[in-house]
Amino acid sequence: MNQISRTPAAPPRGGFASLLVALAVLAAVVVPSTPPVAGQDPSGVLNGRVLLAGEGVSGVMVTLHRVTMEESGEVDSLSTGPDGDFSFVLPSAPTATGGHEVYFASVSVDDILYFGSPISSVEELGALYVIDAFPTRVVGETPPPLPVDERSFIIEADGQGNWIVTDIFNVLNDGEETWTSVEGRAVWSYPLPEGAAGIRIGQSDLAPDAVSFDGGRITVTSPVPPGKRNYMVQYALPDLDITLDLPGQVNQFSVLVQEPGPALAVDGLVPQPPVELQPGAVFR
């Protein structure tokens, strides 16, 4: 691999990395739960149920959220009934703004926040809206062996001779329990490349108060429920002569280098044709 010496700098907020941050925000906002169950007539009412291990959960607070192109925020909140049921009257139909209005609901069970699927059309209101919560399991001395379902290692030049990396991990909990931490123990931890500087988190599923970067690793202490969690960090590298440690199970790993870029050899990966991820942004 060609070695290119550069002075590290703080990761920029523009370019393709900004697009990824925006996509991660949307993913974090509308984390899908169990798909709606058919059988009700569409209306301006969101009828739902909170389930824990398949059983209705009574007396928990459900919050309705609304997202538009201009703003986002909480709309209403209420407590679930005896069978975990709840019902929200929406302030406006999701299609009233031409499909740019999205509703979703969230609930906190055992101090863990769970989200329902996004509602963006009146037709989707015709099904029972289910939010799944899960039993919890506390981590021990070592983190559970959660696999990385997909890792994307995206390299960009900032125009000032520095190399900026957007490092995205899709961490998979394929069990039926939410892993939680006590006394700051790691729920998930992973090594970052040597020399990573100016590390900051992207707007994904990482909570700023539940992540650290000590000892050259990213360490997460926030709960990890069943399903996938998207973790994004950005940092600068002094050069591209690096070795990436991939411990544990990694189902898919991709390196993307923005063009024009230097000639690189990446041991262990199969070269692919360049792709244009957004207009004018070509990656190899």
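Above this text you will find the structure in question.
Keep in mind that what you see is a predicted model, and the values were worked out from it rather than measured.

Student: Residues and numbers for the overall build of the protein chain, please.
Tutor: The helix and strand inventory of the protein chain stands at one helix and 21 strands. A total of 284 residues make up the protein chain; the buried ones form 42% of that total. For the protein chain, long-range pairs separated by at least 24 residues make up 73% of all intrachain contacts whose partners lie at least 6 apart in sequence. If you sum the accessible surface of the protein chain, you get close to 14100 Å²; carbon and sulfur atoms cover 52% of it.

Student: An account of the packing of aromatic side chains is requested, with residue identities and associated values reported.
Tutor: If you walk through the whole model with that rule in mind, you get seven aromatic pairs. When the centroid spacing of 5.9 Å and the interplanar angle of 45° are considered together, the rings of phenylalanine 104 and phenylalanine 115 count as tilted. Highlighted residues: phenylalanine 104 in strand 7 (residues 102-109) and phenylalanine 115 in strand 8 (residues 112-115), separated in sequence by eleven residues. Note on phenylalanine 115: relative accessible area 22%, which makes it partly exposed.

Student: Could you give an account of the sheet that holds strand 4 (residues 61-67), naming the residues involved and the relevant values?
Tutor: The strand order across the open sheet formed by four strands is 5-4-7-8, and the pairing between neighbours is antiparallel. Edge positions in the sheet fall to strand 5 (72-79) and strand 8, since each has one partner strand and no second. The sheet shows a mean angle of 25° between the axes of neighbouring strands, direction not considered. Summarising the sheet, strand 4 and strand 5 pair through seven bridges and their orientation is antiparallel. Pairing of leucine 64 across the sheet is with aspartate 76, part of strand 5.

Student: Residues and numbers for the pairing of strand 17 (residues 217-220), please.
Tutor: As paired elements, strand 14 (residues 188-191) and strand 17 share four bridges and run antiparallel to each other. Within strand 17, the position partnered with serine 189 by the bridge is threonine 219. Where strand 16 (residues 211-212) meets strand 17, two bridges bridge the pair, whose relative direction is antiparallel. The residue bridging serine 212 from the neighbouring strand is threonine 219, located in strand 17. Counted along the chain from strand 16 to the antiparallel partner strand 17, the turn is four residues long, and its residue glycine 215 has a positive phi close to 65°.

Student: Just give me the short version of the pattern of salt bridges, but keep the residues and values in it.
Tutor: What the rule picks out here adds up to eight salt bridges. The partner of aspartate 85 in a salt bridge is arginine 49, and the shortest N-O contact between them spans 2.5 Å. You can see aspartate 85 sitting in strand 6 (residues 85-89) and its partner arginine 49 sitting in strand 2 (residues 45-52), a full 36 residues away along the chain. By relative accessible area, which is 29% here, arginine 49 ends up partly exposed. Close ionic contact of arginine 66 with glutamate 101 constitutes a salt bridge, the shortest N to O distance being 2.4 Å. Of this pair, arginine 66 sits in strand 4 while glutamate 101 is found in the loop between strand 6 and strand 7, placing the two residues 35 residues apart along the sequence. When its relative accessible area of 0% is taken as the criterion, glutamate 101 is described as buried. Within this structure, Arg66, Glu71 and Glu101 form a network of salt bridges that share partners.

Student: So what's going on with the nonpolar core? Residues and values would help.
Tutor: Counting residues in each nonpolar core, the largest one holds 27 residues, and the members touching the most others are Phe153, Ile155, Phe169, Trp188, Ile218 and Tyr231. Of all elements in the fold, only strand 11 (148-157), strand 12 (163-173), strand 14, strand 17, strand 18 (227-237) and strand 19 (253-257) reach the threshold of two or more residues within this core. In contact with isoleucine 155, not counting residues within four places along its chain, are Trp163, Ile164, Val165, Leu240, Val255, Leu256, Val257, Gln258 and Phe283. Counting residues in each nonpolar core, the second largest holds 22 residues, with Leu46, Leu64, Ile119 and Ala133 among its members.

Student: Lay out the side chain of asparagine 173 with the relevant residues and their values.
Tutor: In this structure, asparagine 173 sits in strand 12. On the basis of relative accessibility, which here comes to 4%, the residue asparagine 173 falls in the buried class. A polar side-chain atom of asparagine 173 sits 3.0 Å from the main-chain amide nitrogen of glycine 175. Beyond its immediate stretch of four places on either side in the chain, asparagine 173 contacts Leu146, Thr178, Trp179, Val224, Pro225, Pro226 and Gly227.

Student: Can you break down the environment of aspartate 267 residue by residue, with the values?
Tutor: Considering the arrangement of structural elements, one finds aspartate 267 in the loop between strand 19 and strand 20 (275-278). For aspartate 267, a relative accessible area of 75% gives the class exposed. Considered as a pair, aspartate 267 and threonine 243 are 24 residues apart in the sequence and their alpha carbons are 9.4 Å apart.

So, how was this worked out
Residues numbered from 1 in each chain as written. Predicted model: local features only at pLDDT ≥ 70, side-chain atom pairs only at ≥ 80, totals over all residues. Heavy atoms only, no water. Helix = DSSP H or I, 4+ residues; strand = E, 2+ residues; numbered from the N terminus. Buried < 20%, exposed > 50% of the residue type's maximum accessible area, 1.4 Å probe, protein only. Contact = heavy atoms within 4.5 Å. Areas by Shrake-Rupley, 256 points an atom, 1.4 Å probe, with all protein chains shown as cover. Phe/Tyr/Trp six-rings, centres within 6.5 Å; stacked < 30°, edge-to-face > 60°. Pairing = 2+ DSSP bridges. Axes fitted to C-alpha atoms, helices over the stretch in contact; angles between N-to-C directions. Salt bridge = Lys/Arg side-chain N within 4 Å of Asp/Glu carboxyl O. Core = buried A, V, L, I, M, F, W, Y, C linked by side-chain atoms within 4.5 Å. Polar contact = N/O pair within 3.5 Å; in protein donor to acceptor, adjacent residues only side chain to side chain.

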